[in-house]
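# Secondary and tertiary structure notes
Here is how the chains run, residue by residue.
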Amino acid sequence: MRTRAGIGLMAAVLAGVLAPADPLGAAENKKLLIITADAGDYILCAGGTIAGMIEQGASAHLVRVTNDDKDSWNLSPEETAQRTRQQSERAAKILGIAKVTSLGYRAGELGGVSPTELRDRLMFYIRLDRPDVLIIPNPYAHYVEVLDRFYTGQAGEEARRAAALENFQPPFAIAGLSTHITPELYYYAQPVDPRRREPESTPTFAPQPKQIDIGAQFDKKVRAAQALETIHFSLAMRIKERIESTGRRLPLLDTVDRAAVNKLVEINVGKLAQIAAEGTSLRRAEEFLYAGVEYQIPAKYRK
Amino acid sequence: MKLHLLVTAAAALSAAPLPRGKIPPGKVVLVIQAHHDDHTTDYGMGGLIARLVDSGFEAWFVRASNDEKDGSHGYPHNDMINRRESEEATRILGMKGVHSLNWRNDYMDSIPILELRAQLILLIRRYRPDVVLGHDPWGHYDRNPDHRKVAWALAEASWMAGLANVHPEHLESGLKPHRVPCLFFKARVDYGRGHEPNVAIELNQDQVRRKMRAYSAHRNVYASPAMARAVRQQLAAEGLRIDEIEDMTDEQAAVAFEEWYMEWISRKRGRENGLTFAEVYWFVDEFDHLPGLKSYIESAARGPQ
């Protein structure tokens, strides 16, 4: 059985090798499966790239793992979850994402969820959607304070592997969800890890840094981020609270209204795009670790 | 070629002195660690704690485990002795006291992280620290399960304590949400690539002295007279002597060795960073979690800080 699965894996990977080169511009007809822990993270890290791929003809499905019930200002968890769900769907629509699935885990509590359960739920969608591209939080990014992103990234990475092997979750196959190998994998994270662009200690099977121009999608990304009104109002209020508690003042947040929050979001998205573009000739970018077909086949076989 | 240059540049940078860390503004520091001695180990944080206290901070130590395994007296005795010595070490450093959570020592891998995190969130809301000190949750190769667990719980508790929808029951007791603005993380710098300090904290002679004494206060686990005897035998076998320990008992000599070691490591970290004495940390500043807004806030905010 293991051998059969292995042959299947190799065959599919080789099929990928024989496929034409695959710059972002050739995203036509590709299926994207985007996994995010919370409503905002994937937009800030990958929203422009996703929008760009969709503009090129890709279709996308977003799986949001938590219900974002914690992050608000003066709202109950229930109200927060409901509002953020609606806003998350609106944001996804702005980017062109056709379908949004919310798994509904309580935010900040993935540390208490069985990793296998989460992996298998993500694997379900990989087998159902049969994506060409999987976009997940990078579980190896250091100093990302929201550990839900770590748990989600780790589960997403494992789900990709498990989805390709028939001995994982036999009931899935019985229900018609056959194995699937996702050829391309993007890891995303906000740029808090100082070593995020350093080469790994070994280049074998190590994803490579990839910076993608989002100049044409920047406005769309800003609007998608601004759609997350509850989270960003909360962010603005927390910044204001901290600033004022230390005897300072941030003029932009003298009055925290929609215009001020939207401006704050635009500044945030703009600076992140600038940081991601560092080291390139690009003005605005997003940065990933990318594991494409080359990642999956050692150089000696590719020759 | 490009890659080679990058790697060379990175290596050169890693050898460069670290920026000199500042003591953040504030009044309260919580030191949250797994074990009775983790606030005084050679790789931190006794010197920094002493410096924070000297800067006017009220300092509290949260010990997550019961330390029953550490020492040679059997479980309940170790627990009691280690707690007492931990209290003595905090006194030497000028701290206010120790809160023990009493999770079973070296068995913390399997405890529910959300339960531990809830305890830390409660304590953070109670003390409202401006600074928290702990193990680096991203450090590599730390074999100690308790270090890992507490570091991870702390990493989330430090910001989740600021959200009213996290453990809303706390608010009913009068506590309020509080996000920890600044963190110092420590880990062994010789344990692989995971922990890369970004600041060197300068220490003065007296802070190093207190660090040395706080460390050697843990007699149950350090400063073993047998170690001093072994060193004496080794020296004798090689025809060497250390004048300073000639008139000391083995117990006194063992304490002296431990304290010299702490001075040596503080001096070494200082020398590496252009200072006389230092400790090195990964420092997280108040807006580091917002890489897209940090520089804007710093440039646009008006007033002191």
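Quantities reported herein were computed from a predicted structural model and do not represent experimental measurements.

## Remarks on the overall build of chain A
When its secondary structure is counted, chain A shows 11 helices and seven strands. Put simply, of all contacts in chain A between residues at least 6 apart along the chain, 81% involve residues at least 24 apart.

## What about the pairing of strand β2 (residues 58–65) of chain B?
All names here are of chain B. Summarising burial for β2: seven of the eight residues are buried, a large majority. With six bridges connecting them, strand β1 (residues 28–33) and β2 associate as parallel partners. Bridge pairing in β2 links Leu30 to Trp60. In this fold, the crossover linking β1 to β2 by way of helix α2 (residues 46–54) has right-handed handedness. In this sheet, strand β3 (residues 97–103) lies alongside β2 in parallel orientation, the contact comprising five bridges.

## Notes on the sheet that holds strand β7 (residues 285–291) of chain A
Paired through backbone hydrogen bonds, the strands of a sheet run either parallel or antiparallel to each other. All names here are of chain A. Taking strand neighbours across the sheet as the criterion, the seven strands line up as β3-β2-β1-β4-β5-β7-β6 in an open arrangement whose pairing is mixed. In this open sheet, the two strands that pair with only one neighbour each are β3 (99–105) and β6 (208–213). In this sheet, adjacent strand axes meet at a mean angle of 25° when their direction is disregarded. Across the face of the sheet, helix α3 (residues 77–95) comes into contact with β2 (59–66) and β3 while running at roughly 150° to β3.

## Re the sheet that holds β3 of chain B
Residues and elements named next belong to chain B. The seven strands are arranged β3-β2-β1-β4-β5-β7-β6 in an open sheet whose pairing can be described as mixed. Two strands lie at the open edges of the sheet, namely β3 and β6 (199–203), each paired on one side alone. Between one strand axis and the next, the sheet turns by 30° as a mean value, whatever way the strands run. In this structure, strand β4 (residues 131–135) lies alongside strand β5 (residues 182–186), joined through five bridges in parallel fashion. Within β5, the residue paired with Val132 across the bridge is Leu183. Set on the sheet, α2 makes contact with β1, β2, β4, β5, β6 and β7 (277–284); between it and β6 the angle comes to about 65°. Strands in contact with helix α3 (residues 75–93) are β2 and β3; relative to β3, the strand with the most contacts, it is inclined by about 150°.

## Considering helix α7 (residues 218–226) of chain A
An α-helical segment advances 3.6 residues per turn. Residues three or four places apart therefore align on the same side. Residues and elements named next belong to chain A. The element α7 is extensively covered by neighbouring structure, given that eight of its nine residues are classed as buried. Those residues of α7 that fall on the buried side of the exposure criterion are Phe218, Lys220, Lys221, Val222, Arg223, Ala224, Ala225 and Gln226. Lining the buried residues of α7 we find α2 (41–55), α3 and α9 (258–277).

## Things to note about the pairing of β4 of chain B
Residues and elements named next belong to chain B. Of all five residues in β4, five are buried; the element is thus mostly enclosed. Judged from the three bridges that link them, β1 and β4 form a sheet pairing that is parallel. By the bridge assignment, Leu30 is partnered in β4 with Val132. In terms of handedness, the path from β4 via helix α5 (residues 145–160) over to β5 forms a crossover that is right-handed.

## A word on α2 of chain A
All names here are of chain A. Under the 1.5 Å per step criterion, the end-to-end length of α2 is 21 Å for 15 residues, consistent within 8% with the ideal 21 Å. Within α2, the axis deviates most sharply at Gly47, by approximately 70°. Of all the 15 residues making up α2, 14 are buried; the element is thus mostly covered by neighbouring parts of the structure. Following α2 by one or two positions, Gly57 has its phi on the positive side, about 115°.

## Things to note about unusual backbone geometry
Glycine aside, a negative phi is what most residues show, and trans is what most peptide bonds show. With an omega of 20°, the peptide bond between Gly44 of chain B and Met45 of chain B qualifies as cis. By the secondary structure assignment, Met45 of chain B is in the loop between β1 and α2. Positive phi is not limited to glycine here, since Gln169 of chain A has a value of about 50°. Not every positive phi belongs to a glycine, and Arg128 of chain B is a case in point at roughly 50°. If you trace the backbone, Arg128 of chain B turns up in the loop between α4 (113–127) and β4.

## Section: the packing of α2 of chain B against helix α6 (residues 205–216) of chain B
Residues and elements named next belong to chain B. As a packed pair, α2 and α6 sit with axes 8 Å apart at the nearest point and diverge in direction by 125°. The angle between the axes of α2 and α6 places the two elements in the oblique class. Note on packing geometry: the crossing formed by α2 with α6 is right-handed. Every residue of α6 that contacts α2 at Gly46, Gly47, Ala50, Arg51 and Asp54 is listed here: Gln207, Val208, Arg210, Lys211, Ala214 and Tyr215. Its residues placed into classes, the contact of α2 with α6 shows four nonpolar, three polar and four charged.

## Thoughts on the nonpolar core
The biggest cluster of nonpolar side chains holds 164 residues, and the ones touching the most others in it are Ile50 and Ile135 of chain A together with Val31 of chain B. With nine residues, α2 of chain A is the single largest residue contributor to this core. The residues touching Ile50 of chain A, leaving out its near neighbours within four places in the chain, are Leu32, Ile34, Ala60, Leu95, Ile97 and Ile135 of chain A.

## Focus: the interface of chain A and chain B
Accessible area lost when the parts come together is the quantity often used to give the size of an interface. Contacts between the two partners involve 38 residues from chain A, matched on the other side by 34 residues from chain B. Residue assignment for the side of chain A that touches chain B shows that the elements contributing at least two residues are α3, α8 (229–245) and α9 of chain A. In terms of residue count, the dominant contributor to the side of chain A that touches chain B is α9 of chain A (six residues). In terms of residue class, the side of chain A that touches chain B is built from 16 nonpolar, 10 polar and 12 charged.

The rules behind the values
- Residues numbered from 1 in each chain as written.
- Chains lettered and ligands numbered in written order.
- Predicted model: local features only at pLDDT ≥ 70, side-chain atom pairs only at ≥ 80, totals over all residues.
- Helix = DSSP H or I, 4+ residues; strand = E, 2+ residues; numbered from the N terminus.
- Contact = placed C-beta atoms within 7 Å.
- Buried ≥ 20, exposed ≤ 12 C-beta atoms within 10 Å, placed from the backbone.
- Pairing = 2+ DSSP bridges.
- Right-handed = clockwise from strand over helix to strand, strands pointing away.
- Axes fitted to C-alpha atoms, helices over the stretch in contact; angles between N-to-C directions.
- Expected span 1.5 Å × (residues − 1).
- Bend = angle between axes of the 7 residues up to and from the residue.
- Parallel < 35°, antiparallel > 145°, perpendicular 65-115°, else oblique.
- Left-handed = near helix turned anticlockwise from the far one by under 90°.
- Nonpolar A, V, L, I, M, F, W, Y, C, P; charged D, E, K, R; others polar.
- Core = buried A, V, L, I, M, F, W, Y, C linked by C-beta atoms within 7 Å.

Purely geometric stuff here, so don't read any function into it on its own.
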